[in-house]
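The lines below spell out each chain.
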Amino acid sequence: MKKAVLALLVLALAASVLAAAPAPIKLKLSEIHMEGYPTTLADKEFARLVKEKTEGRVEITVYPNGVLNATEAEGIEALVLGELGFARVSAAPVASFVPDLNAIQLPYLYKSADHMWAVLNGKIGQDMLAKLQSSGSGLIGLCWYDAGSRCYYLTKKATTPADLKGLKIRMQDNKMMVKMTELLGGVAVTGIGSNEIYSSIMSGVIDGAENNWPTYDTKGDYKAAKFYILDHHTRVPEILLMSEASMRQRKVSAADIAIIKECAKATQEYEIAQWKAMEKKSEANVRAAGTVVVELTPAQLKLFQDAMKPLYAEYGAKYQSVIDAIAEVGKKF
Ligand code: BDP
């Protein structure tokens, strides 16, 4: 008899424990970079923190290598529809959904990474994240990550915009970026995910692309286009996005959303540290592999800068106060 009562008690206890701990909400995070890349490491740290701080109520699984979405634009679309919980993407394709974001990725806007970080961590960057949330896009910007500066890389040497004339160059899915290459005389090609660039160059669909050292290195693009032109035309930060629709559909509580936001912010410095190390490592790697790194003279660099200036009138005019504020922050650097 006593044994039966005990067994019942144990059962009741187990049932109450089970009832108190509902199944975790499982969400996916899309990432186009490979394992070990700075943003992938940060995504995983974010997922780890979220699980810990929500005491297991929310579980995020990171899917690297673009297995969920071949292009970031598709990933962002999936967030808008609520088919995906999170995506770590470049801010460039996000600007197709929320054009305000172009104001912080105009060419030659920042003097250095420190200048950009003072902007992103200050009022301008935080206002941008808030704007994203209030834009009605359904996208919530959780935090920024570093992605260095972008340079053109081509199958032939170029030192001036004239050398780019007629070359087919893959650009990110963003009209301003397309225009940037057109202003140099190149032919911009979009709709190509960054994992498809290598094969697109090898098959002659494009003559090059543009990106930072780590992407040029880890995607193997340096094997297809061996001229890396140090024009450093733009710094486009990465952004960790959350889907408003997905959080609603999956019934993530407001308290857990607040925790998620804090966890994301807590990974920013971690990514920046990983980034700095990777940037150096990748540069050394591609140099050792025989990449022709093309240094530009100040006069040649100025030709690139002058050619891109019309973007400020076309895409920056509406955001003149933001651009002025960025220049103001830059005085300290
Ligand atoms: C890399 C970004 C990545 C973008 C890629 C691109 O890290 O998010 O997808 O550029 O050019 O620097 O598409």
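Since we're looking at a predicted model, the values are computed, not measured.

How should I be thinking about the overall build of the protein in this particular structure?
A tally of regular secondary structure across the protein gives 14 helices and 11 strands. Overall, the protein is about 95 × 45 × 35 Å in size when its C-alpha atoms are taken along their principal axes. Counting every position in the protein, which comprises 333 residues, the buried fraction comes to 53%. When contacts within the protein are restricted to residue pairs at least 6 apart in sequence, those whose partners lie at least 24 apart make up 77%. Surface accessibility of the protein: about 14800 Å² in total, with carbon and sulfur atoms responsible for 59%. Looking at the protein, you have 39 positive and 37 negative side-chain charges, and the mean spots of the two groups are 3 Å apart.

Please clarify how the site of the ligand should be interpreted in this entry.
Near the ligand there are 13 residues, and of these His33, Glu72, Arg170, Asn211 and Glu238 occur at the shortest range. Within the side chain of histidine 33, an N or O atom sits 2.7 Å from an oxygen atom of the ligand. For the ligand, an oxygen atom lies 3.4 Å from a polar atom in the side chain of threonine 215. Its residues assigned to classes, the shell around the ligand comprises one nonpolar, seven polar and five charged.

It is not clear to me how the sheet that holds strand E4 (residues 139-145) should be interpreted in this structure. Could you clarify?
Sheet strands associate in pairs through backbone hydrogen bonding, adopting either a parallel or an antiparallel arrangement. With respect to topology, five strands assemble into an open sheet ordered E2-E1-E3-E10-E4, the strand pairing being mixed. Because the sheet does not close on itself, it has two edges, and the strands there are strand E2 (58-63) and E4. For this sheet the average axis-to-axis angle between neighbouring strands, irrespective of direction, equals 25 degrees. Relative to strand E10 (residues 238-243), E4 is paired through six bridges, and the arrangement is antiparallel. From the neighbouring strand, isoleucine 140 faces E10, where its bridge partner is methionine 242. Strands in contact with helix H6 (residues 123-134) are E4 and E10; relative to E4, the strand with the most contacts, it is inclined by about 155 degrees.

Help me out: how do you make sense of the pairing of strand E1 (residues 25-31) in this one?
The two faces of a sheet get side chains in turn, since along a regular strand they alternate between them. Within E1, five of the seven residues are buried, leaving the element largely enclosed by the surrounding structure. Direction of pairing for E1 relative to E2: parallel, over a ladder of six bridges. Counterpart to lysine 26 in the pairing with E2 is glutamate 59. Between the parallel elements E1 and E2, the chain passes through helix H2 (residues 38-53) in a crossover that is right-handed. Summarising the sheet, E1 and strand E3 (residues 86-90) pair through three bridges and their orientation is parallel. Directly across from serine 30, in E3, lies its bridge partner alanine 87.

I would appreciate a short explanation of the nonpolar core in the present structure.
Soluble globular proteins tend to pack their nonpolar side chains together in the buried interior. In this structure, Val94, Ile104, Trp144, Tyr152 and Leu241 are the most contacted members of the largest nonpolar core, which totals 58 residues. If you tally residues by element for this core, the top one is helix H7 (residues 175-184), at five residues. Lining this core are residues from two domains, each supplying at least three of them: domain 1 (20-147 + 236-281) and domain 2 (150-234 + 291-325). Judged by nonpolar contacts, the second largest core, of 23 residues, contains Leu49, Ile60, Tyr145 and Leu240.

In this structure, what is going on with the domain arrangement of the protein? I would like to understand it.
How big an interface is tends to be stated in terms of accessible area lost as the parts join. Looking at the protein, the domain boundaries give domain 1 (20-147 + 236-281) and domain 2 (150-234 + 291-325). Between the C-alpha centres of domain 1 and domain 2 the distance comes to 24 Å. Facing the 29 residues of domain 1 at the interface are 35 residues of domain 2. Here domain 1 and domain 2 share an interface that buries about 2600 Å² over both sides, 60% of which is from carbon and sulfur atoms. If you sort the residues of domain 1 by the area they bury against domain 2, Leu106, Pro107 and Tyr108 come out on top, with a joint share of 28%. Counting every contact that joins domain 1 to domain 2 gives zero salt bridges.

For this particular structure, what's the right way to read the packing of helix H5 (residues 113-121) against helix H14 (residues 320-330)?
Helix-helix packing: each pair is described by the crossing angle between the helix axes and the interaxial distance. Across the interface, H5 lies against H14 with an axial gap of 9 Å and an inter-helix angle of 125 degrees. As judged from the angle between their axes, H5 and H14 are oblique. Here H5 runs over H14; the crossing is right-handed. Contact residues: H5 offers His115, Ala118 and Val119, while H14 offers Ile326, Val329 and Gly330.

Is there a simple way to explain the pattern of salt bridges in this structure?
Where charged atoms from two side chains of opposite charge come close, those side chains can pair. According to the stated counting rule, one finds 18 salt bridges in the structure shown. A salt bridge links arginine 48 to glutamate 52; its shortest N-O distance comes to 3.0 Å. Residue arginine 48 and its partner glutamate 52 are located together in helix H2, separated by four residues, close to a single helical turn. Given a relative accessible area of 43%, arginine 48 falls into the partly exposed group. Since its relative accessible area comes to 43%, glutamate 52 is described here as partly exposed.

Definitions and cut-offs
- Residues numbered from 1 in each chain as written.
- Predicted model: local features only at pLDDT ≥ 70, side-chain atom pairs only at ≥ 80, totals over all residues.
- Heavy atoms only, no water.
- Helix = DSSP H or I, 4+ residues; strand = E, 2+ residues; numbered from the N terminus.
- Buried < 20%, exposed > 50% of the residue type's maximum accessible area, 1.4 Å probe, protein only.
- Contact = heavy atoms within 4.5 Å.
- Areas by Shrake-Rupley, 256 points an atom, 1.4 Å probe, with all protein chains shown as cover.
- Lys, Arg positive; Asp, Glu negative; His and termini not counted.
- Charge placed at Lys NZ, Arg CZ, Asp CG, Glu CD.
- Near = heavy atom within 4 Å.
- Polar contact = N/O pair within 3.5 Å; in protein donor to acceptor, adjacent residues only side chain to side chain.
- Nonpolar A, V, L, I, M, F, W, Y, C, P; charged D, E, K, R; others polar.
- Pairing = 2+ DSSP bridges.
- Axes fitted to C-alpha atoms, helices over the stretch in contact; angles between N-to-C directions.
- Right-handed = clockwise from strand over helix to strand, strands pointing away.
- Core = buried A, V, L, I, M, F, W, Y, C linked by side-chain atoms within 4.5 Å.
- Domains from an automatic or database assignment.
- Buried area = accessible area lost by both parts, 1.4 Å probe.
- Salt bridge = Lys/Arg side-chain N within 4 Å of Asp/Glu carboxyl O.
- Parallel < 35°, antiparallel > 145°, perpendicular 65-115°, else oblique.
- Left-handed = near helix turned anticlockwise from the far one by under 90°.

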